[in-house]
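Below are the chains, spelled out letter by letter.
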Amino acid sequence: MPAPATAYERVVYKNPSEYHYMKVCLEFQEHGVGLNAAQFKQLLVSALKDLFGEVGAALPVDVLTYEEKTLSAILRVSSSGLVKLWSSLTLLGSYKNKKCAFRVIQVSPFLLALSGNSRELELN
Amino acid sequence: MSTLRTLRETPRHLLVCEKSNFSHDKSRHRHLVETHYHNYRVSFLIPECGLLSKELKGLVMEIGPYYSVKHLPLHELITHEFINTFVKKGSCCALTYNTSIDEDNTVALLPNVVSIDLMDLSLHPDSKKSERISWSFKEKKPLKFDFLLAWHHTGAEESTMMSYFSKYQIQEHQPKVTLNTVRELQCPVLQSSELKGEPEEACSALELFDWLGAVFCNADLNNESNDFISTYCCPQPSTVVAKACLCTITGLILPEKIYVLLEQLCHYFDEPKLAPWITLSVQGFADSPVSWRENEHGFRRGGEHLYNFVIFNNQDYWLQMAVGANDNCPP
């Protein structure tokens, strides 16, 4: 038997998300460079370490999704660590002596917002 | 110290969570759907479902079309002919295409325009106001943009958009539809009366909203807390459903069509179903200048403005509305 109808309630949360999410893509100057998910994660850790030292490297970052073919990923980081992570990615210039750069495609405190990107709408 | 504090700050965001029932007289669900104009992505999730019903599939496939026009002079949107053909006979939405609201000029046409009231112009075509607006768009600053357009017509006649804008390279587009079935999906347990959840009994609206993002981004929900790559896992308590149907539609999607889809999803529970709830989420265009009605929308870091319904089997619903830094609180 379905439950009786619920009463109206409204709650407004300001800054409820303890995490921020980033959709990123790693681009190399030369073709053919591949990384698996673990290597990609290690690259993030070393980028944080280069800029912020051991304490920075300990910032928890989750690679929620990773696509090896396009070297793109969705990352999760605590909201208080977003600026550290973003600046580390910005300043990363190479991997195993190969020039590369991170492109930050989308950032949001809402993971659902990263499931679509209206700026990528293509018309046939 | 203040520099260190700044490093840890992020722009503010807001999430409004409401609960109500579709049968309540004062329920605002229709108003909130129909006043969110520029919708880019509509998704729904139905647990314990492998195949969409014929009615749902039909609705999804007919949710379009929308149109694109190139180099359209802005004054064309305030002519009497345009107003009489489209604005008065339904509701028309338009948004400049490939303009970033944080960098470029952006134009949007809303069904109930406030800044330049097209209905007012049509009633007083020879007024000074009407002439000045027309002059400023034509002579002073002949702005031209590529536009996306959609029109919900209330009459019986066929859409005349294609012939009306034929000299502006108008093209008709069908929204892109993807349908997936996901197996062995971990879903949060919810109680419709408990928006904030209940420890050990039910997850909160916040947790559900986050989980839904993980599902539609195809994130792995089964990690352990000591995994190297990701520690994300489904909020608890949860159950595993054998299969779930996910559908995503992208394009310029009219709010009236979204409302029809919402109504059809409410009817999903007319017959007994295994699923305790289903979801419908809608994401706005990041570069729309408005979120709901004429509330200004901006792009700070993400340009997000989105909402999500959780429809329960007793017609209770949760509604989450999310906006970023440069937006007012959703209505």
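See above for the structure.
Just so it is clear, the model here is predicted, and its values are computed rather than measured.

1. Description of the overall build of chain A
Helix and strand counts for chain A stand at two helices and six strands. Counting helices and strands in the order they occur from the N terminus, chain A gives β-β-α-β-β-α-β-β. In summary, chain A has a C-alpha radius of gyration of 18 Å against a globular reference of 14 Å for 124 residues, an excess of more than 25%. A buried classification covers 48% of the 124 residues belonging to chain A. Put simply, of all contacts in chain A between residues at least 6 apart along the chain, 67% involve residues at least 24 apart. Carbon and sulfur atoms make up 51% of the accessible area of chain A, which totals about 6300 Å². Here chain A contributes 13 positively and 11 negatively charged side chains, and the mean placements of these two sets differ by 4 Å.

2. Concerning the layout of surface pockets
Over the atoms, a rolling probe the size of a water molecule traces out where space has been left empty. Taken as a whole, the largest pocket holds about 930 Å³ of empty space. Around the largest pocket, the lining comprises 34 residues; the ones closest to its centre are A:S115, A:G116, B:R41, B:K176 and B:T250. Mapped onto the lining of the largest pocket, the elements with two or more residues apiece are β3 (61–67) and β4 (72–78) of chain A together with β2 (39–47), β8 (176–188), α8 (205–216) and β9 (238–253) of chain B. Of all the elements, β8(B) adds the most residues to the lining of the largest pocket, at four residues. Per-class residue counts for the lining of the largest pocket are 15 nonpolar, 13 polar and six charged.

3. A word on the interface of chain B and chain A
At the interface, 67 residues of chain B touch 51 residues of chain A. Around 5100 Å² of area is buried between chain B and chain A when both sides are counted, 59% of it from carbon and sulfur atoms. A per-residue breakdown of the area chain B buries against chain A is headed by B:H13, B:F228 and B:I229, which together make up 14% of the total. Two residues, B:K19 and A:E9, come together in a salt bridge whose shortest N-O distance is 3.8 Å. Summed over the shared surface of chain B and chain A, the result is 25 residue pairs in polar contact (both at pLDDT 80 or more).

4. Some remarks on the state of the cysteines
Summed over all chains, the structure comprises zero disulfides over all chains. No disulfide involves A:C25; its sulfur sits 11 Å from that of A:C100, the nearest cysteine. Unpaired in terms of disulfides, B:C187 finds its nearest cysteine sulfur in B:C234, a separation of 7.0 Å.

5. Considering the sheet that holds strand β6 (residues 144–153) of chain B
All names here are of chain B. Across the sheet, which stays open at both edges, the five strands sit in the order β5-β4-β6-β3-β7 with antiparallel pairing between neighbours. Looking at the sheet topology across the chains shown, the edges are occupied by β5 (108–109) and β7 (171–173). Where strand β4 (residues 90–96) lies against β5, two bridges are found, and the strand directions are antiparallel. Bridging across to β5, L95 finds its partner in A108. Along the sheet, helix α4 (residues 80–87) makes contact with β4, β5 and β6, crossing β4 at roughly 120°.

6. What to know about the nonpolar core
Ranked by size, the top nonpolar core spans 40 residues in total, and within it B:L45, B:L185, B:L190, B:W211, B:L221, B:W277 and B:W318 carry the most contacts. Where this core is concerned, the elements lending two or more residues are β1 (9–14) of chain A together with β1 (14–21), β8, α8, β9, β11 (305–312) and β12 (316–323) of chain B. A per-element tally of this core places α8(B) first, with eight residues. Apart from residues no more than four positions distant in its own chain, B:W277 is found in contact with B:L45, B:P47, B:C187, B:P188, B:L190, B:L208, B:W211, B:F269, B:V310, B:I311 and B:F312. Among the nonpolar cores identified, the runner-up in size contains 37 residues, and B:L52, B:Y259, B:L262 and B:I311 belong to it.

How each quantity is defined
Residues numbered from 1 in each chain as written. Chains lettered and ligands numbered in written order. Predicted model: local features only at pLDDT ≥ 70, side-chain atom pairs only at ≥ 80, totals over all residues. Heavy atoms only, no water. Helix = DSSP H or I, 4+ residues; strand = E, 2+ residues; numbered from the N terminus. Rg over C-alpha atoms; globule rule 2.2 N^0.38 Å. Buried < 20%, exposed > 50% of the residue type's maximum accessible area, 1.4 Å probe, protein only. Contact = heavy atoms within 4.5 Å. Areas by Shrake-Rupley, 256 points an atom, 1.4 Å probe, with all protein chains shown as cover. Lys, Arg positive; Asp, Glu negative; His and termini not counted. Charge placed at Lys NZ, Arg CZ, Asp CG, Glu CD. 1 Å grid on protein atoms, 1.4 Å probe; cavity = no way out; pocket = protein on both sides within 12 Å on 5 of 7 lines; lining within 4 Å. Points joined across faces, edges and corners; volume = space filled by probe spheres on them. Nonpolar A, V, L, I, M, F, W, Y, C, P; charged D, E, K, R; others polar. Buried area = accessible area lost by both parts, 1.4 Å probe. Salt bridge = Lys/Arg side-chain N within 4 Å of Asp/Glu carboxyl O. Polar contact = N/O pair within 3.5 Å; in protein donor to acceptor, adjacent residues only side chain to side chain. Disulfide = S-S within 2.5 Å. Pairing = 2+ DSSP bridges. Axes fitted to C-alpha atoms, helices over the stretch in contact; angles between N-to-C directions. Core = buried A, V, L, I, M, F, W, Y, C linked by side-chain atoms within 4.5 Å.

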